[in-house]
Amino acid sequence: MLDCGMHPKNTGEDALPHLKAIAFRAIDAILISHAHQDHIGTLPLAMRRFPGARVFMTEATADISSVLLHNSVNVMTRQREEIGEGSYPLFTHRETDRASERWRWCPVRQRISIAGERAPQRERNALTFEFFEAGHVLGSTGILLRAGGETVFYTGDVNFDDQTIMEAAIFPEEKIDVLVMECTRGDHAKSVGWTRAGEERRLAEALEDAFARGGCVLVPVFALGKTQETLAMLYKFRRESRKLSGEFPIYIGGLSSKMTDIYDRRARMTRRQLPRLQLIRDIAPFILNDETVRDAPLRAGRVYVLSSGMMIPKTLSNVFARRLIENPQHSIFFVGYANPESPAGVLRDAGTGGEVALDPDKPPQPIRCNIEQFQFSAHATRETLIEYAKKLSPRKIVLVHGDPPAVEWMRAQLAAQLPGTEVIVPAPGVEVEL
């Protein structure tokens, strides 16, 4: 099994993978690409259902997954009361602890058998896997499977460009028979002339303008990955921008601070930019929680880097946005992907002058604050994904992890540019012959 996530927008049974479709199969191993909720969120359930399966991931992913799954128990326990979801929590803190004790950590670029032993390079028939650095978030990997002289490569979530902290993916370029590829950004063309450095300058200038108007700025982020990349950019702005020099206050949430602490602890152990940067020490962000986010004063010259990135109801970014959305002095800056149907996606698309109900339990609000979009996605551009697929020219490509328009664009392009490759868009629960 490759990953076992929870749908970020759905709840209860609707959030689960189709585990029933493989209920009668013997699962020998569960391989985890990285620790985002949509890739590890139901791992304890899979381990309960397949108690004999060994679970493999990188050490950094194990570190992060334990924190995220415990947080997930807390969120589900709260949602049981708030939204009346009787099946929650789907697993407990004790089950999470017991599950994490069974995880096996694996280094990258090492061929390993599903029994958990180093596999000799000459072994052709045994099923083996190998992790490759994916450049997405700390610990993220693509997974290469080998068996019987055949190869299957699963990209997981990948980024082929350097970020502010994470360095670009290093993926295999050998012969691959089947490529299972993410499509997150398939419906967005890369902007002409876009560079990360240029986008960082644009963000710095937008911050300067927001502060000059006497406002504060909310940046909705994922606790893992986007928080740390944004903090690193703000650290650079403090040092390099004449107008932003000094210690403008920065606020993050409690879960984000735990993730940031793991990034700091692993700064010298991982391939990364700015290896000496200790985000908690060098930026000294203030920490907000569910109570303090409702009372924190909306003062000029402050940046609130709060999760969730999709602004799911009741999360810090959602609660905080409802406080500032009607004030034209303040700003909301989007710095990454937001599902179009999520509160963040709806708000971004409505724009200033529109109206939005960020919480279904609250009335709609007019949008008077300044809204801006920046492109710092942790996912590969559709252009680099196509380029990678063409370089491999596999026998089959299976497209996953993208909204339907994103997957369809990728399918059409790959079918046109790789006529000798079979391009498959799998339906959930339907078996595909590789």
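Report on the accompanying structure. Fair warning: this is a prediction, and the values are worked out from it, not measured in the lab.

## Some points on the overall build of the chain
Okay, so step 1: For the chain, the helix and strand inventory stands at 13 helices and 18 strands.
Okay, so step 2: Compactness check: the chain gives a C-alpha radius of gyration of 22 Å against a globular reference of 22 Å for 434 residues, within 12% of the reference.
Okay, so step 3: Based on the C-alpha atoms only, the size of the chain along its principal axes is roughly 65 × 50 × 40 Å.
Okay, so step 4: Counting across all 434 residues of the chain, residues that qualify as buried make up 53%.
Okay, so step 5: Considering only contacts in the chain between residues 6 or more positions apart, those separated by 24 or more positions represent 73%.
Okay, so step 6: Carbon and sulfur atoms make up 50% of the accessible area of the chain, which amounts to about 19,100 Å² in all.
Okay, so step 7: Each charge sign in the chain was given a centre, from 54 positive and 55 negative side chains, and these centres are 3 Å apart.

## Here we look at the environment of L31
Okay, so step 1: Residue placement: L31 occurs in strand β1 (residues 29-31).
Okay, so step 2: Sequence separation of L31 and V158 is 127 residues, and the distance between their C-alpha atoms is 16 Å.

## A few points about the pattern of salt bridges
Okay, so step 1: This structure, assessed with the given rule, holds 31 salt bridges.
Okay, so step 2: Of the charged contacts, one joins K396 and E422 as a salt bridge, the two residues approaching to 3.6 Å between their closest N and O atoms. Here K396, found in strand β17 (residues 396-400), pairs with E422, found in strand β18 (residues 422-424); they are 26 residues apart in sequence, far enough to count as distant.
Okay, so step 3: Taken together, the shared-partner salt bridges connect E59, D63, D261, R265 and R266 into one network.

## Notes on the sheet that holds strand β8 (residues 178-182)
Okay, so step 1: Spatial ordering of the open sheet is given by β4-β5-β6-β7-β8-β17-β18, a layout of seven strands whose pairing is mixed. Each having just a single partner strand, β4 (112-113) and β18 make up the two edges of the open sheet.
Okay, so step 2: In the packing of helix α12 (residues 382-392) onto the sheet, the strands contacted are β7 (150-154), β8 and β17, and the crossing angle to β8 comes to about 175°.
Okay, so step 3: Against the sheet, helix α13 (residues 404-417) makes contact with β8, β17 and β18, and its axis sits at roughly 165° relative to β17, the strand it touches most.

## Focus: the packing of α12 against α13
Okay, so step 1: The geometry of α12 relative to α13 is characterised by a closest axis approach of 11 Å and an angle of 35° between their N-to-C directions. Here the hand of the crossing between α12 and α13 comes out right-handed. Note on element contacts: α13 touches α12 through W409, M410, Q413, L414 and Q417, opposite R382, L385, I386, A389 and K390.
Okay, so step 2: Class assignment of the residues belonging to the contact of α12 with α13 gives a composition of six nonpolar, two polar and two charged.

## Some details on the sheet that holds strand β3 (residues 103-105)
Okay, so step 1: The sheet built from three strands is open, its strands ordered β1-β2-β3 with parallel pairing. Each edge of the open sheet is held by one strand with a lone partner, namely β1 and β3. Each strand of the sheet is rotated relative to its neighbour by a mean of 30°, with strand direction disregarded.
Okay, so step 2: Pairing of strand β2 (residues 54-57) with β3, which is carried by three bridges, proceeds in the parallel orientation.

## Considering the side chain of T96
Okay, so step 1: Here T96 is to be found in helix α4 (residues 93-101).
Okay, so step 2: Reaching out from T96, the side chain makes a polar contact with the backbone oxygen of T92 at a distance of 2.9 Å.
Okay, so step 3: In contact with T96, not counting residues within four places along its chain, are S66, L69, H70, V73 and F91.

## Brief notes about helix α7 (residues 254-265)
Okay, so step 1: Its 12 residues give α7 an end-to-end C-alpha distance of 17 Å, which sits within 8% of 16 Å, the value for a rise of 1.5 Å per residue.
Okay, so step 2: Among the residues of α7, those classed as buried are L255, S256, S257, M259, T260, I262, Y263 and D264.
Okay, so step 3: Those residues of α7 hidden inside the fold are in contact with α3 (59-82), α6 (226-240), β10 (250-253), α8 (279-283) and β11 (286-288).

## Some thoughts on the packing of α3 against α7
Two numbers describe a pair of packed helices, the interaxial angle and the distance between the axes.
Okay, so step 1: Put simply, α3 and α7 touch, their axes get as near as 10 Å, and they point 170° apart. Regarding the angle of α3 to α7, the classification is roughly antiparallel. From α3, D63, I64, V67, L68 and N71 reach across to α7, where they touch L255, K258, M259, I262 and R265.
Okay, so step 2: Grouping the amino acids of the contact of α3 with α7 by side-chain chemistry returns six nonpolar, one polar and three charged.

## A short note on the nonpolar core
Okay, so step 1: Counting 68 residues, the largest nonpolar core has I30, W103, L207 and F333 as its most contacted members.
Okay, so step 2: Of all the elements, α3 adds the most residues to this core, at seven residues.
Okay, so step 3: In this structure, L218, L288, V356 and I367 belong to the second largest nonpolar core, which totals 26 residues.

## Regarding the pairing of β2
Okay, so step 1: Of the pairings in the sheet, the one linking β1 to β2 comprises three bridges and is parallel in character. Bridge pairing in β2 links I30 to V55.

## Describing the packing of aromatic side chains
Okay, so step 1: Counted according to the given criterion, the structure contains 13 aromatic pairs.
Okay, so step 2: Connected via pairs of aromatic rings, a cluster forms that spans F132, F153, F160, F171 and Y388.
Okay, so step 3: For the cation-ring pair, R238 lies above F248, with the distance from its terminal atom to the ring centre recorded as 5.2 Å.
Okay, so step 4: Taking NZ or CZ as reference, R382 lies 3.7 Å from the ring centre of W409, over its face.

## Points about unusual backbone geometry
Okay, so step 1: Of the consecutive residues Y88 and P89, the connecting peptide bond is found in the cis state with omega at -10°.
Okay, so step 2: Here S307 and S308 are connected by a cis peptide whose omega angle stands at 15°.
Okay, so step 3: Position of S308 relative to the elements: it lies in the loop between β12 (303-306) and α10 (316-324).
Okay, so step 4: One non-glycine residue, L274, lies in the positive phi region at around 50°.
Okay, so step 5: Tracing the backbone through its elements, the reader meets L274 in the loop between α7 and α8.
Okay, so step 6: According to the relative accessible area criterion, L274 is partly exposed, its value standing at 32%.
Okay, so step 7: Non-glycine residue M311 carries a positive phi angle of around 55°.
Okay, so step 8: By secondary structure assignment, the location of M311 is in the loop between β12 and α10.

Procedures and definitions
Residues numbered from 1 in each chain as written. Predicted model: local features only at pLDDT ≥ 70, side-chain atom pairs only at ≥ 80, totals over all residues. Heavy atoms only, no water. Helix = DSSP H or I, 4+ residues; strand = E, 2+ residues; numbered from the N terminus. Rg over C-alpha atoms; globule rule 2.2 N^0.38 Å. Buried < 20%, exposed > 50% of the residue type's maximum accessible area, 1.4 Å probe, protein only. Contact = heavy atoms within 4.5 Å. Areas by Shrake-Rupley, 256 points an atom, 1.4 Å probe, with all protein chains shown as cover. Lys, Arg positive; Asp, Glu negative; His and termini not counted. Charge placed at Lys NZ, Arg CZ, Asp CG, Glu CD. Salt bridge = Lys/Arg side-chain N within 4 Å of Asp/Glu carboxyl O. Pairing = 2+ DSSP bridges. Axes fitted to C-alpha atoms, helices over the stretch in contact; angles between N-to-C directions. Left-handed = near helix turned anticlockwise from the far one by under 90°. Nonpolar A, V, L, I, M, F, W, Y, C, P; charged D, E, K, R; others polar. Polar contact = N/O pair within 3.5 Å; in protein donor to acceptor, adjacent residues only side chain to side chain. Expected span 1.5 Å × (residues − 1). Parallel < 35°, antiparallel > 145°, perpendicular 65-115°, else oblique. Core = buried A, V, L, I, M, F, W, Y, C linked by side-chain atoms within 4.5 Å. Phe/Tyr/Trp six-rings, centres within 6.5 Å; stacked < 30°, edge-to-face > 60°. Lys NZ or Arg CZ within 6 Å of the ring centre and 35° of its normal.

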